[in-house]
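Residue-level listing of the chains:
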Amino acid sequence: MKSELRPYQREAIEVFLSAGKGTLALHSGSGKTVVAAAIIEALTARVRMPQFTTLFVVPTIDLVAQTLKVMEREDIKNVMVITYAKSSKLEADEKFWKSFDLIIFDEVHHLAQPGAWQRLLVPAFQAPFALGLTATPPTDPENIMLRTLPILYTRTLAEGTDEGYAAPIEVRPVPIKLVDEERKRYTELTEMIRLAHVEGGSPARAYTALVGEDPENPGQKLFGGQVMTRRKQLVAMAEEKFERLTKLIMEIGQPNDRIFVWSEYVDALEHAKDHLDVQSHRAEWNDGRAYQYTSAIVTGKTPKAERKRLLTEEWGKSFRILLVAKIGEEGLDYPEVELGVILAGARTTRQNMQRIGRLLRPSPGKNARLWVIFAEATFEEKLLNMIDMVSGD
């Protein structure tokens, strides 16, 4: 190892080495990949096998490259890094899984959700050593993921901030109002959802389906389907959000500061870019300097080479504002970026934590700021409260 480990990282490593299997719940920006590298090194020395092999499973293609970079930097050998999507296709290949001594699942909370990825808990259970890493573990202690990879060590965001290992963050709410037509439609959809919850309710039940229990709030039912989705999209596309965004961009930071802008929906990101482009040709700072609202969109459908070029070569040079969907919730590591805007908040605490985590990477003198543009008197008010709780405000 070339990096000097922090005290809590050493504690987490020792706890895992004593157990051999389990999850380390470490806040965003805590250096989870470095902890994993140290564990690989320690196990390699302890087992004294001719060739100790590790499989590192990550959520996104971007994280494959980032993880390999850390392994190379720390001089860690014999590590294969693949995505969850690829590993799930190999789920039944026993020979493949048995070829590894240690399996590491980054963002292991993905294995808490039912589906193909959860079946990866089988090779985790069978492996000699298995490590889960996450900032947002499931809260239900009976979740199958926690029964297979129980939490061994927890490091909170508050602890990280107090000790200087996470940047302090300030959440600034930016309320907007739905226009009359938007408010009328929102009320209609909300009534349809309410009726769908009533025993023997209206035909709206056919459009709002019970989809299961909330994994973060056991016992609470989740309803989804067309009506719920339409209401979320309506609020995400509220016209005043985009008008407020263009004004906000001019009010925050300096001309060369980079900014994250998140939304649940690609349509909202494209609409935001249209607004920024329209304003770009006539924008100027208070002292008369010309300024452009330069922006680019990155989503899960952005080709790998293009995404890499935008993030590593162009952001901060040819464009300032990164409009990003869920691909930007995990793994983007830019500690110097301290400004973020949420256009439409994620429903779960986990998703909000991932977004906030992009701003928590520590950097000298950094004070992160997050603006949340939300529609008043809508479900987004609850999302704002959730973000406040996640950030510690």
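First, a word on scope: everything that follows refers to the structure included in this document. The structure presented is a predicted model; accordingly, all values stated were derived computationally and were not measured. Along each chain, the written sequence defines residue order, and numbers are assigned to residues from 1. Local features are withheld for residues below a pLDDT of 70 in this predicted model, meaning they are given only at 70 or higher, and side-chain atom pairs are given and counted only at 80 or more; totals for whole chains, interfaces and linings count all residues. Side-chain figures throughout are based on the complete set of non-hydrogen atoms in the structure, without hydrogens or water.

Two strands pair if DSSP finds at least two bridges between them. Secondary structure elements follow DSSP: runs of H or I of four or more residues count as helices, runs of E of two or more count as strands, with numbering from the N terminus. A sheet is described by the order of its strands in space; here six strands give the open sequence β7-β14-β13-β10-β12-β11, paired in parallel fashion. Looking at strand neighbours, the two that pair on one side only are β7 (169-176) and β11 (295-298), the edges of this open sheet. The average angle at which neighbouring strand axes cross in this sheet is 20°, direction not considered. Relative to strand β12 (residues 321-324), β11 runs parallel, the two sharing four bridges. Bridged to Ser295 within β12 is Ile321. Each of β7, β10 (259-262), β12, β13 (339-342) and β14 (368-375) touches helix α11 (residues 239-251); the most contacted strand, β14, lies at about 155° to it. Fitting a line to C-alpha atoms yields each axis, with helices limited to the stretch in contact; the angle taken between N-to-C directions then spans 0 to 180 degrees. Contact between two residues is taken to exist if any of their heavy atoms lie within 4.5 Å; hydrogens are not considered.

Attention shifts here to the side chain of Lys241. One can find Lys241 in helix α11. Relative accessibility thresholds used throughout: buried, under 20% of the residue-type maximum; exposed, over 50%; partly exposed, between the two (1.4 Å probe, protein chains only). Judged by relative accessible area, which is 0%, Lys241 ranks as buried. A distance of 3.3 Å separates a polar atom in the side chain of Lys241 from the backbone oxygen of Val235. Contact partners of Lys241, with chain neighbours within four places excluded, come to Ile176, Val235, Ala236, Leu343, Ala344, Ile373, Phe374, Ala375 and Glu380. Each polar contact in these results corresponds to two N or O atoms within 3.5 Å; when the atoms are within protein, one needs to be able to donate a hydrogen and the other to accept it, and residues that are neighboring in sequence are counted only if both atoms are side-chain atoms.

This part takes up the sheet that holds strand β1 (residues 21-26). Taking strand neighbours across the sheet as the criterion, the six strands line up as β3-β2-β4-β5-β1-β6 in an open arrangement whose pairing is parallel. The open sheet is flanked by β3 (79-83) and β6 (151-155), the only strands paired with a single partner. Strand-to-strand twist in this sheet, taken as the mean axis angle between neighbours without regard to direction, amounts to 15°. Across four bridges, the pairing between strand β2 (residues 54-58) and strand β4 (residues 102-106) is parallel. The residue of β4 that forms the bridge with Val57 is Phe105. Set on the sheet, helix α2 (residues 32-47) makes contact with β1, β2, β3, β4 and β5 (129-134); between it and β5 the angle comes to about 165°.

Their axes nearest at 10 Å, the elements helix α1 (residues 7-19) and α2 cross at an angle of 45°. On the basis of the axis angle, α1 is oblique to α2. Crossing hand, α1 versus α2: right-handed. Here Gln9, Ile13, Phe16 and Leu17 of α1 come into contact with α2, specifically with Val34, Val35, Ala38, Ile39, Ala42, Leu43 and Arg46. In this classification, Asp, Glu, Lys and Arg are treated as charged, Ala, Val, Leu, Ile, Met, Phe, Trp, Tyr, Cys and Pro as nonpolar, and every other residue, Gly included, as polar. Along the lines of polarity and charge, the residues of the contact of α1 with α2 split into nine nonpolar, one polar and one charged. In this scheme, roughly parallel covers angles under 35 degrees and roughly antiparallel covers those over 145, while 65 to 115 is roughly perpendicular and the rest are oblique. Handedness of a crossing follows from how the near helix is turned relative to the far one, being left-handed for an anticlockwise turn of less than a right angle and right-handed for a clockwise one.

Before going further, it helps to spend a moment on the packing of α2 against helix α3 (residues 61-73). Contact geometry for α2 and α3: axes closest at 10 Å, N-to-C directions at 50°. With respect to α3, the axis of α2 lies oblique. Considering the relative orientation of α2 and α3, their crossing is right-handed. Seen from α2, the contacting residues are Thr33, Val34, Ala37 and Ile40; seen from α3, they are Thr67, Val70, Met71 and Arg73. The residue inventory of the contact of α2 with α3, partitioned by class, reads five nonpolar, two polar and one charged.

A large share of β1 lies buried, amounting to five of its six residues. Of the pairings in the sheet, the one linking β1 to β5 comprises five bridges and is parallel in character. Each residue of the ladder has a partner; that of Leu24, found in β5, is Leu133. In terms of strand pairing, β1 meets β6 through four bridges, oriented parallel. When the bridges of β6 are listed, Leu26 appears paired with Arg155.

Following the sequence through the fold, Leu90 ends up in the loop between α4 (84-89) and α5 (94-98). On the basis of relative accessibility, which here comes to 23%, the residue Leu90 falls in the partly exposed class.

Let us now look at the nonpolar core. Counting 36 residues, the largest nonpolar core has Leu245, Ile259, Val261, Val341, Leu343, Trp371 and Ile373 as its most contacted members. Per element, the largest residue contribution to this core is five residues, and it comes from helix α10 (residues 226-236). Look past the residues within four positions of Val341 in its chain and what remains in contact with it is Leu245, Leu248, Ile252, Ile259, Phe260, Val261, Trp262, Leu370, Trp371 and Ile373. Think of a nonpolar core as a cluster: buried Ala, Val, Leu, Ile, Met, Phe, Trp, Tyr and Cys residues, connected wherever their side-chain atoms sit within 4.5 Å. If you look at the next biggest cluster of nonpolar residues, it comprises 32 residues, including Ala37, Phe52, Leu102 and Ile104.

Here the focus is α3. The end-to-end C-alpha distance of α3, which contains 13 residues, comes to 19 Å, matching closely the 18 Å that a straight helix rising 1.5 Å per residue would cover. The complete set of buried residues in α3 reads Asp62, Leu63, Val64, Thr67, Val70 and Met71. Tucked inside the fold, the buried residues of α3 contact α2, β2, β3, β4 and α13 (304-314). Following α3 by one or two positions, Asp75 adopts a phi angle in the positive range, close to 60°. Expected span of a helix, by definition, is 1.5 Å for each gap between consecutive residues, and there is one gap fewer than residues.

Once that is clear, we can look at the packing of aromatic side chains. Stacked, tilted and edge-to-face are the three classes applied to pairs of Phe, Tyr and Trp rings, where Trp contributes its six-membered ring and a pair requires centres within 6.5 Å; stacked means planes under 30 degrees apart, edge-to-face means over 60, and tilted covers the rest. For the coordinates displayed, the defined rule picks out seven aromatic pairs. Relative to Phe379, the ring of Tyr186 has its centre 6.5 Å away and its plane inclined at 20°; by these criteria the two rings are stacked. Of this pair, Tyr186 sits in helix α9 (residues 180-196) while Phe379 sits in the loop between β14 and α15 (380-391), and the two are 193 residues apart along the sequence. Plain terms: the ring middles of Phe260 and Trp315 are 5.0 Å apart, the flat faces sit at 65° to each other, and that makes the pair edge-to-face. Residue Phe260 is located in strand β10, and its partner Trp315 is located in the loop between α13 and β12; the two are separated by 55 residues in the primary sequence. Take Phe260 and Trp315: they sit in the same class, and that class is buried. Here the aromatic cluster, defined as three or more aromatic residues joined through ring pairs, consists of Phe96, Trp97 and Phe100. Above the ring of Phe125, the side-chain terminus of Lys21 is found at 5.4 Å from the ring centroid. Criterion for a charge above a ring: Arg CZ or Lys NZ at most 6 Å from the ring centre, at most 35 degrees from the ring normal. Against the face of Tyr8 rests Arg155, its NZ or CZ located 4.1 Å from the ring centre.

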